[in-house]
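What the coordinates show
Residues per chain, in single letters:
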Amino acid sequence: MIKLHPKRDILSSFVSDELPVSLSVIVSSHVELCPCCQSEIQVLTEQAANACFAQADTFSSQNVLSYSSEHEINVADIALDELDMAMFNSITDELPGSREEVLSDAFEAEFIDVCDVSIPMPRALRTLEMKPFQGLGKLSRSRVLLEDGALRTSLLHIETGGSVPTHTHKGFEVTLLLQGSFEDEMGTYHAGDFIWLDGNHTHQPVTKTGCVCLTVSNDAIHFTKGMSQLLNPIGQFIY
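Description of the structure in this document.

1. Section: the packing of helix 1 (residues 8-15) against helix 2 (residues 21-33)
- As a packed pair, helix 1 and helix 2 sit with axes 11 Å apart at the nearest point and diverge in direction by 105°. Considering their axes alone, helix 1 and helix 2 lie roughly perpendicular with respect to each other. For the pair formed by helix 1 and helix 2, the contact residues are Ile10, Leu11 and Phe14 on the first element and Ser24, Val27, Ser28 and Val31 on the second.
- Grouping the constituent residues of the contact of helix 1 with helix 2 by class yields five nonpolar, two polar and no charged.

Structure (structure tokens):
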């Protein structure tokens, strides 16, 4: 069961197309997995559409009042407007079939091989180019090739029994768990969980089963224990 979701303001910004591309990709990938956020997106989309129509209606009413004060209103013109609205409403009604059926068709799975694991490819990633996986120990990473300023998007694979050394974050890091599970000092995470961390968090992710994550970060991680701290001077090149 998915426990962690994007905050409502993030979903609202996603609906309004106000997020950077990298964040839009990871939010879209979460929504694809999460019925709860699918419903929330539908509500936010309807609210945004209603706000647009209300603004358009207000503008139209102001124009009619301004026009009618100087001209005689033709009843035939009003009837035509009502007919146009009826046609508009008919073509914007939901398509036949349940919403669940539509979602099922839209999210038909394609698979990607991540090291020795085959996982469903989120639809938002299917047209994006990725570098080959490069590994160190039980960690492997593939960079998603997106030009998005300081933001970096990656697929991360951790083998069974693997871990990431204890670290914090200079900026923020968003992790969407696509397959498997992992745990840290704050809890246990499963496929679909959307985890947003920053410099207020220090943790050591460990996986007993192996996992695949989609990550977006805007700055280097900062290792806080052991020999891994030697990597901090070059952290900006490996995040």
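Structure shown, so let's carry the discussion forward.
2. Some words on helix 2
- In this model, helix 2 (13 residues) spans 19 Å end to end at C-alpha, consistent with the 18 Å of a helix rising 1.5 Å per residue.
- With 10 of 13 residues buried, helix 2 is to be regarded as a mostly interior element.
- Looking only at helix 2, the buried set comprises Ser22, Leu23, Ser24, Val25, Ile26, Val27, Ser29, His30, Val31 and Glu32.

3. Focus: the nonpolar core
- Among the nonpolar cores identified, the biggest contains 30 residues, and Leu11, Leu23, Ile26, Val27, Ile119 and Leu214 are the most heavily contacted of them.
- Those elements giving two or more residues to this core turn out to be helix 1, helix 2, helix 3 (35-68), strand 1 (110-114), strand 2 (117-121), strand 7 (173-184) and strand 10 (211-217).
- Broken down by element, the residue count for this core peaks at five residues, all from helix 2.
- Setting aside its immediate chain neighbours within four residues, Ile26 contacts Val174, Thr175, Leu176, Phe194, Leu214, Thr215 and Val216.
- Counting residues in hydrophobic clusters, the runner-up holds nine residues, among them Val164, Ile195, Leu197 and Cys213.

4. Here we look at the side chain of His157
- For His157, the position within the fold is in strand 5 (residues 152-158).
- The class of His157 is buried, set by a relative accessible area of 3%.
- Ignoring anything within four residues of it in the chain, the contact list for His157 reads Val114, Cys115, Asp116, Val117, Phe133, Lys138, Leu139, Ser140, Cys211 and Val212.

5. Some remarks on the packing of aromatic side chains
- Counting across every chain of the model gives two aromatic pairs.
- Measuring from ring centre to ring centre gives 4.8 Å for Phe182 and Tyr189, while their planes differ by 40°; the resulting arrangement is tilted.
- Among the residues examined, Phe182 registers a relative accessible area of 7% and is labelled buried.
- We classify Tyr189 as buried; its relative accessible area is 5%.

6. Describing the environment of Asp148
- Considering the arrangement of structural elements, one finds Asp148 in the loop between strand 4 (139-144) and strand 5.
- For Asp148, a relative accessible area of 15% gives the class buried.
- Placed 127 residues apart in sequence, Asp148 and Val21 show a C-alpha to C-alpha distance of 6.6 Å.
- Setting aside residues no more than four positions away along its own chain, Asp148 makes contact with Pro20, Val21 and Ser22.
- Reaching out from Asp148, the side chain makes a polar contact with the side chain of Ser22 at a distance of 2.7 Å.

Parameters and conventions
- Residues numbered from 1 in each chain as written.
- Predicted model: local features only at pLDDT ≥ 70, side-chain atom pairs only at ≥ 80, totals over all residues.
- Heavy atoms only, no water.
- Axes fitted to C-alpha atoms, helices over the stretch in contact; angles between N-to-C directions.
- Helix = DSSP H or I, 4+ residues; strand = E, 2+ residues; numbered from the N terminus.
- Parallel < 35°, antiparallel > 145°, perpendicular 65-115°, else oblique.
- Contact = heavy atoms within 4.5 Å.
- Nonpolar A, V, L, I, M, F, W, Y, C, P; charged D, E, K, R; others polar.
- Expected span 1.5 Å × (residues − 1).
- Buried < 20%, exposed > 50% of the residue type's maximum accessible area, 1.4 Å probe, protein only.
- Core = buried A, V, L, I, M, F, W, Y, C linked by side-chain atoms within 4.5 Å.
- Phe/Tyr/Trp six-rings, centres within 6.5 Å; stacked < 30°, edge-to-face > 60°.
- Polar contact = N/O pair within 3.5 Å; in protein donor to acceptor, adjacent residues only side chain to side chain.

Fair warning: the whole summary comes from geometry, so function is off the table for now.
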